[in-house]
Amino acid sequence: MDDDDAVAVDFIARLRETLAQAPGLFAQRRHAAIDFIQGLIARPDAQGLMVQPIVETLVTAALAVSVAPGLPVTVMSFSHKKIYRRMPVISLPHDDMFLRGHSDFNDSRQVGMVRPVALDRATPEQEAHILKRFAVSADQIRESFRRASCSR
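Here the structure is a predicted model, which is why all the values come from computation and not from measurement. (Residues numbered from 1 in each chain as written. Predicted model: local features only at pLDDT ≥ 70, side-chain atom pairs only at ≥ 80, totals over all residues. Heavy atoms only, no water.)

**Q** Can you help me understand the overall build of the chain in this one?
**A** The number of helices and strands found in the chain is four helices and eight strands. In the chain, the succession of helices and strands from N to C terminus is β-α-α-β-β-β-β-β-β-β-α-α. Across its three principal axes, the chain shows a C-alpha extent of roughly 55 × 35 × 25 Å. Expressed as a percentage of its 152 residues, the buried residues of the chain come to 37%. The contacts of the chain with a sequence gap of at least 6 include a subset with a gap of at least 24, amounting to 75%. In the form shown here, the chain has an accessible surface area of approximately 9300 Å², with 55% of it arising from carbon and sulfur atoms. (Helix = DSSP H or I, 4+ residues; strand = E, 2+ residues; numbered from the N terminus. Buried < 20%, exposed > 50% of the residue type's maximum accessible area, 1.4 Å probe, protein only. Contact = heavy atoms within 4.5 Å. Areas by Shrake-Rupley, 256 points an atom, 1.4 Å probe, with all protein chains shown as cover.)

Okay, here's the thing in C-alpha cells:
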C-alpha cells in the first residue's frame, strides 16, 4: 500500500471473515489472495476532496496475500496486476474498502504511466461516508491547507 492510500476501518475484520469462509483454499495453497475491489480515488486540495468511486481489481491498498509458512517470498515478490496468474484470488465487489490517493507527488502518478481519472468535488454525503469508512476528515484536510497557506 502506498503512504497516500487507506483501507476501511473494518478492513481487518472483513479480511478475517473472508479467511474463515474459505479455510481450505488457504490451507491447501502455497499462496492465495483476497481482493476487495470497490473503493474511491481521492485527491486532497484546499476545498477538501475530489473523488471518484471505482470498482477495479487488484488495487494494492485492498489486496491481501497469504503465503505459506517457510516460503522465501513476500507480497512484494508478485506484480499486483498479474497476481492472478500465480495464485487463486477471491474478489469481493461490495462495500468501499479502499481510498486510493492521487496527487502530483506519488509514484502512481508518474508522467506517461497513468490513465487520467476525472474527479468530482466530494458532496457532503461523500465526505461523511469517507469519514465513517476511512476516518479521513475533509474538514481536517481543509484546515491543513489553510494552515499551510498561512505559514508562507
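**Q** Looking at this structure, I do not really get the nonpolar core. What am I missing?
**A** As a rule of thumb, soluble globular proteins bury nonpolar side chains together. In terms of nonpolar packing, the biggest core is built from 29 residues, with Phe36, Leu49, Leu99, Ile130 and Phe134 touching the most fellow members. Of all the secondary-structure elements, those providing two or more residues to this core are α1 (11–21), β2 (31–36), β3 (38–45), β4 (48–55), β7 (98–101) and α3 (124–134). Looking at this core, the element that brings in the most residues is β4, giving four residues. Excluding residues within four positions of it along the chain, Ile130 makes contact with Leu40, Leu49, Val51, Leu99, Ala135 and Val136. Membership of the second largest hydrophobic core comes to six residues, among which are Ala33, Leu58, Ile83 and Met87. (Core = buried A, V, L, I, M, F, W, Y, C linked by side-chain atoms within 4.5 Å.)

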